[in-house]
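Results of the structural survey
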Amino acid sequence: MSAAAPWAIRPWRPGDDVLGLILPIQRQEFALPVTAADQPDLADIDGFYRRGVGEFWVAAADDGRVVGSIALIDLSSQSGGAGLGVVRKMFVAADQRGSGLAQSLLDTLVDRARAAGLTALWLGTTDKFRAAHRFYERNGFAVVNAADLPAAFPRMAVDSRFYRLAL
């Protein structure tokens, strides 16, 4: 029998410190010039992510610390977005990398998207997240050109590499 994971994946709740997870990874690990103000979606998770089948999940450690995150944006209600979803805010704390947490987070999101009848997932990331590129590609995501993104795709300023997964 295998040991239980030292974290549990669940929908975000008020009080979950996602900025405490995300900002240090962006700023200290990858030297991205990103601030909390550059990410207003994190100040309104309910309003930004929880529309349609969208959701924002966290992985909470046994001590309550947020050690992972991933979000699904449902584009179905937007022009040109029928059946489409966007993967956002996938981050894993350094001490949890290699634990299977990233795969569990992505599986949670993909399962939700498929069950809801979405037909494709899109994502944008920075060129600096090379381990993330390998991870997405191992999970069937294909690199796409920015010109091929759906019109409804919410592009972030730091996005420079884009992927699509057919569901």
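This text follows the structure it describes.
Residues numbered from 1 in each chain as written. Predicted model: local features only at pLDDT ≥ 70, side-chain atom pairs only at ≥ 80, totals over all residues. Heavy atoms only, no water.

Here we look at the pattern of salt bridges
Scanning the entire structure with this criterion turns up seven salt bridges. The salt bridge partner of Arg65 is Asp95, with a shortest N-O separation of 2.9 Å. With a gap of 30 residues between them, Arg65 in the loop between strand S2 (55-61) and strand S3 (66-74) and Asp95 in the loop between strand S4 (84-92) and helix H3 (101-115) connect regions that are remote in the sequence. The class for Arg65 is partly exposed, based on a relative accessible area of 38%. Two residues, Glu137 and Arg161, come together in a salt bridge whose shortest N-O distance is 3.1 Å. Of this pair, Glu137 sits in helix H4 (residues 130-138) while Arg161 sits in strand S7 (residues 161-166); the two residues are 24 residues apart in sequence, bridging distant segments of the chain. Among the charged side chains, a network of salt bridges with common partners joins Asp46, Arg50 and Glu55. (Salt bridge = Lys/Arg side-chain N within 4 Å of Asp/Glu carboxyl O. Helix = DSSP H or I, 4+ residues; strand = E, 2+ residues; numbered from the N terminus. Buried < 20%, exposed > 50% of the residue type's maximum accessible area, 1.4 Å probe, protein only.)

Section: the environment of Pro150
Inspection of the secondary structure assignment puts Pro150 in the loop between strand S6 (142-144) and S7. For Pro150, a relative accessible area of 11% corresponds to the buried category. The contact partners of Pro150, leaving out residues within four places of it in the chain, are Gly80, Leu84 and Trp122. (Contact = heavy atoms within 4.5 Å.)

Here we look at the environment of Glu137
By relative accessible area, which is 36% here, Glu137 ends up partly exposed. Considered as a pair, Glu137 and Gly54 are 83 residues apart in the sequence and their alpha carbons are 23 Å apart. When neighbours within four sequence positions are excluded, Glu137 is seen to be in contact with Val143, Arg161 and Tyr163. A polar contact of 2.7 Å, which involves the side chain of Glu137, links it to the side chain of Tyr163. (Polar contact = N/O pair within 3.5 Å; in protein donor to acceptor, adjacent residues only side chain to side chain.)

Description of the packing of aromatic side chains
A complete count under the given rule lists eight aromatic pairs for this structure. Taking 6.0 Å as the distance between ring centres and 80 degrees as the angle between the ring planes, the aromatic pair formed by Phe153 and Phe162 counts as edge-to-face. Like Phe153, the residue Phe162 is buried in the burial classification. An aromatic cluster of three or more residues is present, and its members are Phe135, Tyr136, Phe141 and Tyr163. Against the face of Phe48 rests Arg51, its NZ or CZ located 5.8 Å from the ring centre. (Phe/Tyr/Trp six-rings, centres within 6.5 Å; stacked < 30°, edge-to-face > 60°. Lys NZ or Arg CZ within 6 Å of the ring centre and 35° of its normal.)

Regarding the pairing of S7
Here is the key point about a regular strand: its side chains alternate between the two faces of the sheet. Sheet topology places strand S5 (residues 120-125) next to S7; six bridges connect them, and they run antiparallel. Residue pairing in the sheet places Leu123 in a bridge with Tyr163 of S7. Alignment of S6 against S7, held across three bridges, turns out to be antiparallel. Residue pairing in the sheet places Ala142 in a bridge with Arg164 of S7. (Pairing = 2+ DSSP bridges.)

A word on the sheet that holds S6
Strands pair in a sheet through their backbones, by hydrogen bonds, and they do so in one of two ways: parallel or antiparallel. The strand order across the open sheet formed by seven strands is S1-S2-S3-S4-S5-S7-S6, and the pairing between neighbours is mixed. With partners counted over all chains shown, the strands left at the sheet margins are strand S1 (7-11) and S6, one partner each. When strand polarity is set aside, the average angle formed by the axes of neighbouring strands in this sheet is 25 degrees. Against the sheet, H3 touches S1, S2, S3, S4, S5 and S7, its axis set at about 25 degrees to S3. The sheet strands contacting H4 are S4, S5, S6 and S7, and the helix crosses S7 at an angle near 20 degrees. (Axes fitted to C-alpha atoms, helices over the stretch in contact; angles between N-to-C directions.)

Topic: the environment of Thr126
Relative to the helices and strands, Thr126 resides in the loop between S5 and H4. Classification of Thr126 by relative accessible area gives buried; the value is 7%. As a C-alpha pair, Thr126 and Val92 span 34 residues in sequence and 16 Å in three-dimensional space.

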